[in-house]
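Structure at a glance
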Amino acid sequence: MGLLTETKRTLPSSWYYEKAHFDKEVAKIWRKDWVCVGHVSAVPHHGDYFTCNIGGQTLVITKSDSVKAYYNTCRHRGSILCSKSAGHFPNGRIICPYHRWTYDLDGDLKNTPGKLPCEDFNLAEFSLYPVNLELWKGFIFVNLEDEPDTTLSEHLGKEKDNIANWPLETLISARRKAYSLSCNWKIFWENYLECYHCPGIHPELCRLMPAYKQGIFDESILPGWTPAWPGDEGRGRMAAGAVTWTSDGQSRLMELQGLSEEDKRLGVVFMPITGSMYIAAHRDYVRCVRIVPIDPTQTRLEVDWLVAPEQALGDFQMMEAAFALSETVLDQDQTVCELNQLGIQNDAHQQGVLVPQEYRLWDFHEWLRQKLAV
């Protein structure tokens, strides 16, 4: 869809703070769709694990012969298995901290210390609760449905072609940061979808991306736009002399392999996965932002900066400098998203309005209505 040719009404304001509606979104979206929980570089060794929360459910992601996902629940009486956010299972054993029931990394129950003999008890009947898991270019996706409605590839759609040239599966996380936002998850996603706010909120970014100064992502939506070269799609590109998203537009990191000249010329390529995640790919690093709804007015962002493995062994301060701009942008977005949440809760504001360049928000709203069947 292109520019809106008429103003559109936004979603009802109550959808951003009412618990009943939030619970409906969790049930219809977060517990049904494929959701990214991290990158394989988070579990590099046999027995490594991390925990995560999806749709109010806590999961354990671990590395056996392959990456596996389980509900973070013992089959005995339901105790949580892992209380830490990440760690390592010694000797490849998952041991419940309550009664010491012991599982292997494939989820099979192996030992029940101290249990008295019982003829009808069969270890094979009490494996950990599995969760559907698939990998895509090194990213770990889970789906809480017993039988997902779509494959992961179908869920990712054509957007995955945007970053087909990036060697994502070979990269590792050089920096990981969590943000606690006092806003509804949709407010953050809507902020990501428009650049109308960019001139006033992101001056550093606008210096690198000239299109953003006009409150747009793509020059192709402007009247009278013409391609600058054969195949030019009019996507926002870097200012003259800039090559990547850093404070001065210069790269300090190792260039990623396999990129086309067009990939490099653009400076950034985005891959959105509606609602739950987006990837921003640059010539020297990749930023992955995962969105985790906590409650109607609280959202957690989990951000990874991925680089080539050889780069991760280099100068840490140099990498910090490379990531500084994107951290500044995220901080700025946090501020305005939280302001948005505070204002939207006033009774007077029942519904807002979308202007022409906010067409991607309208697409998102239509997607959400379809998901919720309203």
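Just above, that's the structure.
To start, this report covers the structure provided alongside it. Counting of residues starts from 1 at the beginning of each chain's written sequence and follows it residue by residue. The predicted nature of this model means local features are confined to residues of pLDDT at least 70 and side-chain atom pairs, given and counted, to a pLDDT of 80 or more, with totals for whole chains, interfaces and linings taken over all residues. No hydrogens and no water enter the side-chain calculation; it runs on all heavy atoms of the structure.

**A look at the sheet that holds strand E5 (residues 67-71)**
Two strands form a pair only when DSSP identifies at least two bridges running between them. Secondary structure elements are defined from DSSP: runs of H or I of at least 4 residues count as helices, runs of E of at least 2 residues count as strands, and each element is numbered from the N terminus. The strand order across the open sheet formed by four strands is E5-E4-E3-E6, and the pairing between neighbours is antiparallel. The sheet is open, and its two borders are formed by E5 and strand E6 (86-88), each paired with just one other strand. Going across the sheet, the axis of each strand differs from the next one's by a mean of 25°, ignoring polarity. With three bridges joining them, strand E3 (residues 48-54) and E6 adopt antiparallel strand pairing. When the bridges of E6 are listed, Asp48 appears paired with His88. The angle between two axes is taken between their N-to-C directions and runs from 0 to 180 degrees, where each axis is a line fitted to C-alpha atoms and a helix contributes only its stretch in contact.

**Re the pattern of salt bridges**
The salt bridge definition used is simple: a Lys or Arg side-chain nitrogen within 4 Å of an Asp or Glu carboxyl oxygen. Applying the stated criterion across every chain yields a total of 23 salt bridges. In this structure, Glu145 engages Lys32 in a salt bridge whose closest nitrogen and oxygen atoms are separated by 3.4 Å. Of this pair, Glu145 sits in the loop between strand E11 (139-143) and helix H2 (152-156) while Lys32 is found in the loop between helix H1 (19-30) and strand E2 (35-39), placing the two residues 113 residues apart along the sequence. Close ionic contact of Asp104 with Lys110 constitutes a salt bridge, the shortest N to O distance being 3.8 Å. A network of salt bridges, in which partner residues are shared, links Arg176, Arg290, Arg300, Glu302 and Asp304.

**Remarks on the side chain of Asp263**
Summarising the element assignment, Asp263 is placed in helix H6 (residues 261-266). Among the polar contacts made by the side chain of Asp263, one reaches the side chain of Asn165 at a distance of 2.8 Å. For this analysis, residues touch if any pair of their heavy atoms sits within 4.5 Å. Not counting chain neighbours up to four residues away, the residues in contact with Asp263 comprise Asn165 and Trp166. Residues adjacent in sequence count toward polar contacts only when both atoms are side-chain atoms; beyond that, a polar contact is any pair of N or O atoms within 3.5 Å, and within protein one must be able to donate a hydrogen and the other to accept it.

**What about the state of the cysteines?**
Covalently bonding the sulfur atom of one cysteine to the sulfur atom of another cysteine gives a disulfide. Cysteine sulfur atoms that come within 2.5 Å of each other are treated as a disulfide pair. For the coordinates displayed, the defined rule picks out one disulfide. Shown here is the disulfide that connects Cys195 with Cys198, its sulfur atoms set 2.2 Å apart. Disulfide Cys195-Cys198: the torsion about the S-S bond is -110°, which places it as left-handed. Exposure class is identical for Cys195 and Cys198. Each is buried. Here Cys36 is not cross-linked by a disulfide; its sulfur's nearest cysteine counterpart is in Cys288, at 4.9 Å. Residue exposure (1.4 Å probe, protein chains only): buried if accessible area is under 20% of the type maximum, exposed if over 50%, otherwise partly exposed. A relative accessible area of 4% means that Cys36 is categorised as buried.

**Brief notes about the environment of Cys36**
Relative to the assigned elements, Cys36 resides in strand E2. Sequence separation of Cys36 and Trp136 is 100 residues, and the distance between their C-alpha atoms is 9.6 Å.

**Points about unusual backbone geometry**
Even without being a glycine, Asn91 presents a positive backbone phi close to 60°. Among the structural elements, Asn91 can be located in the loop between E6 and strand E7 (93-95). Even without being a glycine, Lys137 presents a positive backbone phi close to 50°. On the secondary structure map, Lys137 appears in the loop between strand E10 (132-136) and E11.

**Quick look at the sheet that holds strand E16 (residues 298-307)**
For sheets, the rule is that strands pair by backbone hydrogen bonds, running either parallel or antiparallel. Taken in spatial order, the five strands line up as E12-E16-E15-E14-E13 in an open sheet, and their pairing is antiparallel. Looking at which strands have only one partner, the edges of the open sheet turn out to be strand E12 (172-181) and strand E13 (269-273). Within this sheet the neighbouring strands show an average axis-to-axis angle of 15°, counted without direction. Summarising the sheet, E13 and strand E14 (residues 277-281) pair through five bridges and their orientation is antiparallel. When the sheet's bridge partners are listed, Phe270 is paired in E14 with Ala280. The strands touched by helix H8 (residues 316-344) within the sheet are E12, E14, strand E15 (286-295) and E16, with E12 carrying the most contacts at an inclination of about 20°.

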